[in-house]
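Summary of the model geometry
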Amino acid sequence: MVPPTTEALQARSVRFRIKRQDGPGRPWRWESFDVPVEPGANVISCLQWIAANPRTVDGRDSSPVAYDAGCLEEVCGACTMLINGQVRQSCSCLIDQYAPKDGDVMRLEPMSKFPVVRDLMVDRQRLFHALTRTKAWVPIDGTYHLGPGPQDTPQRQQVRYKLSECMSCGCCLEACPQYKLEEHESRWDKAFIGAHAISQARLFNEHGTGNVLASDRLDAMIGPGGVSDCGNAQNCVKVCPKDIPLTESIAAIGRAVTIHSIRKFFTGK
Amino acid sequence: MVGGGLAGLAGTIRIAEAGLSVDLFSMVPVKRSHSVCAQGGINAANDIARQQGYSEYEHFDETIYGGDFLQHQPPVYEMVHWAPKIIDLLDRMGVPFNRTAESQRDLRLFGGSLYKRTHFAGATTGQQLLYALDEQVRRWEAQGKVNKYEYWEFLWPVLETDDTGRRCVGIVAQDVRTMQIRAFRAEAVVIATGGCGMIFGKSTNSVMCTGAAASRCYQAGAWYANGEFIQVHPTAIPGADKLRLMSESARGEGGRVWVPRTKADRRDPRDIPENQRFYFLEEKYPKYGNIVPRDIATREIFDICVNQGLGVGGGNMVYLDLTHLGREYLELKLGGIIEIYRKFVGEDPALVPMKIFPGVHYSMGGLWTQYTAKDDLRGMAMGAANSMMTNIPGLYAFGEVNYQYHGANRLGANALLSCIFDGLFCGAGVANYVLEVVTTTSARLDQSIYDAAARQQQEIIDRLINARGTESPYQIGRELGEEMTAASTVVKSEQRLLQAIEVLQLLQGRYQSIGLSDTGMWTNQNLSYARALGDMLKLAEVILQGGIDRKESRGAHYRTDFPDRDDANFLKTTVAKYDRDTDRPDIFLEPVETGLVPPRARTYGKVAASTDTTRPTETVSV
Ligand SMILES: Cc1cc2nc3c(=O)[nH]c(=O)nc-3n(C[C@H](O)[C@H](O)[C@H](O)COP(=O)(O)OP(=O)(O)OC[C@H]3O[C@@H](n4cnc5c(N)ncnc54)[C@H](O)[C@@H]3O)c2cc1C
Ligand code: SF4
Ligand code: SF4
Ligand code: FES
């Protein structure tokens with residue numbers, strides 16, 4: 001069922017230099033693999049090849065490289081890693097674009113802002129924790145039928161849709177100078193919450209019913225780890241694969257927090 | 001709850017709402033579940049369609065007709081009536097459905113219908129629905145009613161037998177990072193683990209969709225139904241690691257499928273004038289045109305390429321043309337898939353027709369389940385404890401892994417609906433089972449039951465780790481995928497299926513002598529895959545054997561040696577029971593409840609086309 005490639009296959013090989021670590025707290029090392037690539041190959045298809053043929057360039061038998069993947073079409077966010085030093089999804093990283101010539105080198109490393117589980121797989125639990133901290137949900141009454149939700153203009157829908165495409169991949173956090181590795185859960189509530197969560201706060205504050213919790217969300221954005229920790233370096237917006245307008249969200253929440261703090265100061269609420 | 005896709009999350013919310021606490025297991029963080037891939041939309045009767053003569057009843061009838069009458073009708077009747085309410089609920093949860101100028105929810109056309117009844121959020125509807133449910137589950141989690149076990153893999157159900165019979169009282173699961181194996185107690189277990197596309201090697205599915213969880217339940221005694229019904233989606237882009245879907249919404253929004261009228265025409269498609277293009281779906285199906293159901297579109301594309309040799313450049317591809325729709329419209333309505341095509345193929349669908357070919361997509365078959373029909377068959381009894389319960393009391397199946405609703409062929413945008421419906425409607429049944437039917441709670445059961453179940457799984461894992469054979473699981477997996485795709489997808493025949501069974505037996509033999517290149521006990525993905533592969537081989541046999549036994553053609557199951565539908569003998573569900581002694585499926589047929597709409601011929605108004613040939617006549621391996 002798979003269509004035969006009409007052009008003759010251009011057999012060429014690309015060298016993968018992969019930063020490996022057997023587990024948390026274990027030493028890391030580089031390992032290199034030569035992988036034959038077909039047109040259309042991407043980093044995941046090469047990691048699959050390595051899993052089936054885990055032999056390094058110096059002829060040593062090694063083990064398959066651990067990595068995270070799901071959709072293979074850049075919509076689940078699982079496969080995020082550093083490729084030649086740049087954070088991005090590996091499934092949509094086409095070898096022909098990154099390493100067009102025979103013998104080109106691709107360097108793969110795990111994200112550095114999250115604890116390594118093994119090899120290229122990291123633990124991004126803190127990223128989801130930030131969504132709880134933000135109360136990133138609409139507080140509906142329950143699942144019984146109560147009619148439609150609040151009406152939405154197409155303009156507002158487009159704004160919310162864009163924000164809602166965030167796939168919790170963590171690229172924006174990896175690139176952010178203010179976001180530091182925090183291994184321990186006990187420190188997550190005080191550490192910088194990150195651009196993705198600030199943007200989610202905006203998403204839910206924009207929703208008719210979600211707005212009910214706006215003040216709770218802004219409370220979470222005041223104080224240590226909140227929006228004021230952002231140094232406005234704007235690295236985040238440059239690496240977001242979904243083109244989420246993160247700096248706009250940060251500015252919007254920044255303004256809302258200022259107003260919220262003034263009101264709190266005068267009303268005590 | 002095993003699985004955190006749409007079905008698992010919706011079920012979790014409903015059961016938590018009933019006041020019970022839920023342990024939610026998923027191989028991946030639930031927000032990354034396969035449901036995130038769904039693109040096109042979700043069906044429901046709506047006010048505009050109603051004023052054109054559509055209603056829940058038409059939605060019901062289309063679903064049954066689309067499914068070639070193989071599904072039980074009462075559950076479908078109930079589901080379509082819930083559909084408009086489910087859309088409202090999702091809307092309340094904040095799903096950014098596309099809007100019209102007047103701020104109403106926008107609608108699009110989808111396969112198998114002449115009415116606009118598909119609600120959508122760009123071309124990433126599944127992502128938006130999954131996120132909305134994920135957010136609600138996070139809310140329950142923050143309140144302590146839901147406990148998530150992410151990166152935990154379900155290995156086996158824990159069954160207990162007493163004088164009232166056998167029932168499910170928990171699961172054994174493994175943390176895929178630490179490799180720890182543990183048994184968990186539960187009053188009821190819901191399997192919501194999605195489809196099994198990985199059995200076919202490359203498919204439109206995510207990498208977790210191995211069907212291993214369903215296969216384990218089947219081997220533990222749950223029945224598996226209609227396994228032979230695998231949907232092959234007409235429009236996917238072939239890739240080195242997966243077939244990426246180009247949603248049916250592309251055709252619903254006006255996309256046209258064509259090939260050059262001359263064989264192996266090497267011209268740039270943009271230089272081929274209109275009268276030298278063969279819009280074969282529009283010609284053969286003047287009424288439905290490009291939005292005929294998937295099984296039909298797939299067979300026509302297959303016929304054009306494989307039998308008539310009219311594929312683009314002589315290969316197995318046809319054009320899916322969106323270039324006439326305009327960039328702005330495409331970005332607004334189909335942005336998500338346009339982006340996928342641009343990223344993975346490197347061409348712009350607004351300028352150049354896309355090149356596509358069918359790919360394995362969805363499993364209509366799944367774990368066999370029961371329901372309680374209302375007396376007049378118009379729907380299911382609300383809250384019935386057996387709603388989507390398997391033949392093992394206390395073990396349920398929701399979502400794609402459940403065989404109900406879609407019969408022999410699923411209509412586009414009905415899957416998201418059935419997943420959420422299962423969770424919401426049948427979740428109430430699970431709660432009632434726990435509150436009203438279970439008499440001895442699992443807390444009072446002897447720990448030895450759980451220890452024994454965990455030990456059994458540990459032994460399987462130990463055997464794999466200590467195996468010192470030479471066969472590579474990845475190689476076996478690849479060969480399995482190639483054979484299944486060649487023998488058991490668009491066209492099948494007895495002889496080809498029997499050949500595939502032989503290949504499968506060889507593969508099962510080789511599986512006995514595999515060796516792992518990683519024998520460590522930390523995040524060993526090699527081990528997890530090898531374990532799943534063994535279960536995939538078992539499920540593959542169910543799929544093949546069902547295909548052999550069903551000597552007719554119906555919906556997605558097309559047999560060259562039996563090209564017609566045979567209601568007298570096969571208006572029946574194929575049910576596979578695992579036979580421990582022979583290690584093979586034992587298949588029986590069960591009647592289908594067709595009491596509401598009597599079966600009729602399913603033609604979709606087909607007429608002869610200018611260069612028509614008949615349906616595919618021989619099995620071709622490609
Ligand atoms: C590309 C694509 C596009 C689609 N578009 C549409 C559309 O537009 N409209 C429509 O109606 N349908 C569409 N479908 C079909 C639809 O997306 C799926 O049928 C549906 O999402 C399945 O949901 P689910 O909840 O049953 O399972 P999934 O979303 O597959 O979730 C399964 C869950 O089970 C977990 N799991 C699996 N195995 C185990 C295990 N052993 N242990 C623990 N956890 C496990 C996974 O981690 C996951 O959380 C599409 C499908 C594809 C492939
Ligand atoms: S703008 Fe703020 S959040 Fe974004 S990278 Fe800079 S410091 Fe980080
Ligand atoms: S905002 Fe963008 S970069 Fe950050 S997590 Fe979301 S999708 Fe990823
Ligand atoms: S695997 Fe889902 S984004 Fe790459």
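Every residue gets a number counted from 1 within its own chain, in the order that chain's sequence is written. Starting at A for chains and at 1 for ligands, labels are handed out in the order in which the entities are written. Local features in this predicted model are restricted to residues whose pLDDT is 70 or higher, and side-chain atom pairs enter the listing and the counts only when it is 80 or higher, whereas totals over whole chains, interfaces and linings include all residues. As a convention, hydrogens and water are excluded, and side-chain values are obtained from all of the structure's heavy atoms.

1. Observations concerning the overall build of chain B
Let me state the cut-off plainly: A helix here means a DSSP run of H or I that spans at least four residues, while a strand means a run of E at least two residues long, and both kinds are numbered starting from the N terminus. Both definitions apply: the radius of gyration is a C-alpha atom measure, and the globule rule equals 2.2 Å times residues to the power 0.38. Exposure categories follow from relative accessible area, calculated using a 1.4 Å probe and restricted to protein chains: below 20% of the type maximum is buried, above 50% is exposed, and the middle band is partly exposed. Contacts are assigned to residue pairs that have any heavy atoms within 4.5 Å of one another. Reported accessibility uses the Shrake-Rupley method at a 1.4 Å probe radius. Residues are deemed covered only where the shown protein chains occlude them. Residues counted as positive are Lys and Arg, residues counted as negative are Asp and Glu, and His and the chain ends are not counted. By convention, charge coordinates are those of NZ in Lys, CZ in Arg, CG in Asp, or CD in Glu.
When you go through chain B residue by residue, the secondary structure sums to 16 helices and 20 strands. At 24 Å, chain B has a C-alpha radius of gyration in line with the 25 Å of a compact globule built from 622 residues. By principal-axis analysis of the C-alpha atoms, chain B measures approximately 75 × 60 × 50 Å. Within chain B, the fraction of its 622 residues that count as buried is 67%. By sequence separation, contacts in chain B at least 24 residues apart represent 73% of the contacts at least 6 residues apart. Total accessible area on chain B is roughly 19,600 Å²; 50% of this is exposed by carbon and sulfur atoms. Charged side chains in chain B number 67 positive and 74 negative. The centres of these two groups are separated by 3 Å.

2. Considering the site of ligand 1
Residues and elements named next belong to chain B. We apply this condition: Each residue is tested against the molecule or strand, and it is near if at least one of its non-hydrogen atoms lies within 4 Å. Counted as a polar contact is a pair of N or O atoms within 3.5 Å, where, for protein atoms, one must be capable of donating a hydrogen and the other of accepting one, and residues adjacent in sequence contribute only when both atoms are in side chains.
Of all residues adjacent to ligand 1, which total 39 residues, the nearest are Ser33, Ser35, Gly40, Phe154 and Glu400. Contacts to ligand 1 include Ser33, whose side-chain N or O atom sits 2.6 Å from an oxygen atom. One nitrogen or oxygen atom from the main chain of Asn414 is found 3.5 Å from an oxygen atom belonging to ligand 1. Burial of ligand 1 by the protein chains amounts to 98% of its free accessible area of 1,000 Å². Among the elements of the structure, α1 (6-17), β1 (22-26), β6 (152-162), α6 (212-219), β16 (354-363) and α11 (415-437) are those that each provide at least two residues to the shell around ligand 1.

3. Concerning the domain arrangement of chain A
Often, the extent of an interface is quoted as the loss of accessible area upon association of its parts. All names here are of chain A. Threshold: Where a domain begins and ends is set by an automatic assignment or by a domain database. In short, buried area is how much 1.4 Å probe accessible area vanishes from two parts on joining, totalled over both. In the sections that follow, a salt bridge refers to a side-chain nitrogen of Lys or Arg positioned within 4 Å of a carboxyl oxygen of Asp or Glu.
Assigned domains of chain A: these are domain 1 (12-121) and domain 2 (124-267). The distance between the C-alpha centroids of domain 1 and domain 2 comes to 31 Å. Residue-level contacts link 16 residues of domain 1 with 17 residues of domain 2. For the pair domain 1 and domain 2, the summed buried surface comes to about 1,400 Å²; carbon and sulfur atoms form 57% of the total. Applying the counting criterion to the domain 1 and domain 2 interface returns two salt bridges.

4. Describing the packing of aromatic side chains
Worth spelling out the cut-off: Stacked, edge-to-face and tilted labels apply to pairs of Phe, Tyr and Trp rings (six-membered ring for Trp) whose centres lie within 6.5 Å, assigned for plane angles under 30 degrees, over 60, and everything in between, in that order. Here, over-ring charges are defined by two tests on the NZ atom of lysine or the CZ atom of arginine: distance to the ring centre within 6 Å, and angle to the ring normal within 35 degrees.
In the structure shown here, the tally under the stated rule is 27 aromatic pairs over all chains. On the basis of an interplanar angle of 90° and a centroid distance of 6.0 Å, the ring pair of Trp28 of chain A and Trp30 of chain A is categorised as edge-to-face. The class for Trp28 of chain A is partly exposed, based on a relative accessible area of 48%. Three or more aromatic residues joined by ring pairs make a cluster, and in this case those are Phe25, Tyr149, Trp152 and Phe184 of chain B. Over the ring of Tyr131 of chain B we find Lys31 of chain B, and its NZ or CZ is 4.3 Å from the ring centre. Seen from the ring of Trp258 of chain B, Arg277 of chain B lies directly overhead, with NZ or CZ sitting 4.1 Å from the centre.

5. Section: the pairing of strand β5 (residues 105-109) of chain A
All names here are of chain A. Heads up, the rule is: Each pair of strands is called paired provided DSSP finds at least two bridges between the two strands.
Where strand β1 (residues 12-21) and β5 come together, four bridges link them in parallel fashion. Bridged to Arg17 within β5 is Arg107. Relative to β5, strand β3 (residues 80-83) runs antiparallel, the two sharing two bridges. Bridge assignment links Leu82 to a residue of β5, and that residue is Glu109.

6. Quick look at the nonpolar core
Residue and element names in this part refer to chain B. Operational definition: Here the nonpolar core consists of buried residues drawn from Ala, Val, Leu, Ile, Met, Phe, Trp, Tyr and Cys, with membership extended through side-chain atoms lying within 4.5 Å.
Core analysis: the biggest nonpolar cluster contains 119 residues, and Ile191, Ile199, Met246, Phe280, Val318, Leu367 and Leu480 have the highest contact counts within it. Examining the composition of this core, we find that 11 residues originate from one element, helix α15 (residues 525-549), more than from any other. Beyond its immediate sequence surroundings of up to four residues, Val318 is in contact with Val257, Trp258, Val259, Phe280, Ile301, Ile304, Cys305, Val312, Met354, Lys355 and Ile356.

7. What to know about the packing of α1 of chain B against α11 of chain B
All names here are of chain B. Operational definition: Here the axes come from fitting lines to C-alpha atoms, over the contacting stretch only for helices, and the angles between their N-to-C directions go from 0 to 180 degrees. Note on angle classes: values under 35 degrees are labelled roughly parallel, values over 145 roughly antiparallel, values of 65 to 115 roughly perpendicular, and the remainder oblique. Handedness of a helix crossing follows the sense of rotation of the near helix relative to the far helix, less than a right angle counterclockwise being left-handed and clockwise being right-handed. Note on residue classes: Ala, Val, Leu, Ile, Met, Phe, Trp, Tyr, Cys and Pro are nonpolar, Asp, Glu, Lys and Arg are charged, and everything else, Gly too, is polar.
Contact geometry of α1 with α11 gives a least axis separation of 7 Å together with a crossing angle of 30°. Classified by the angle between their axes, α1 and α11 sit roughly parallel to one another. Between α1 and α11 lies a crossing whose hand is right-handed. In this structure, α1 uses Leu6, Ala7, Ala10, Gly11, Arg14 and Ile15 to contact α11, whose residues at the interface are Leu416, Cys419, Ile420, Gly423, Leu424, Gly427, Ala428 and Val430. Broken down by class, the residue content of the contact of α1 with α11 amounts to 10 nonpolar, three polar and one charged.

8. Here we look at the sheet that holds strand β8 (residues 181-185) of chain B
Residue and element names in this part refer to chain B. Read from one edge of the open sheet, three strands run β6-β7-β8, paired in antiparallel fashion. On the outer flanks of this sheet lie β6 and β8, each paired with one strand and no other. Direction aside, neighbouring strands of the sheet carry axes that sit 30° apart on average. Both strand β7 (residues 165-175) and β8 contribute to a ladder of five bridges, which runs antiparallel. The residue of β8 that forms the bridge with Val172 is Ala183.

9. Concerning the domain arrangement of chain B
Residues and elements named next belong to chain B. The domains assigned to chain B are domain 1 (6-232 + 361-447), domain 2 (239-359 + 604-614) and domain 3 (469-578). Computed from C-alpha atoms alone, the centre-to-centre distance between domain 2 and domain 3 is 30 Å. Counting residues at the interface gives four residues for domain 2 and five residues for domain 3. Summing both sides of the interface, domain 2 and domain 3 together bury roughly 410 Å²; the carbon and sulfur share of this comes to 78%. It is Asp295, Arg299 and Phe302 in domain 2 that bury the most area against domain 3; as a group they hold 88% of the surface buried on that side. Counting the contacts that link domain 2 with domain 3 gives zero salt bridges. Counting every contact that joins domain 2 to domain 3 gives one residue pair in polar contact (both at pLDDT 80 or more). In the side of domain 2 that touches domain 3, the residues fall into one nonpolar, one polar and two charged.

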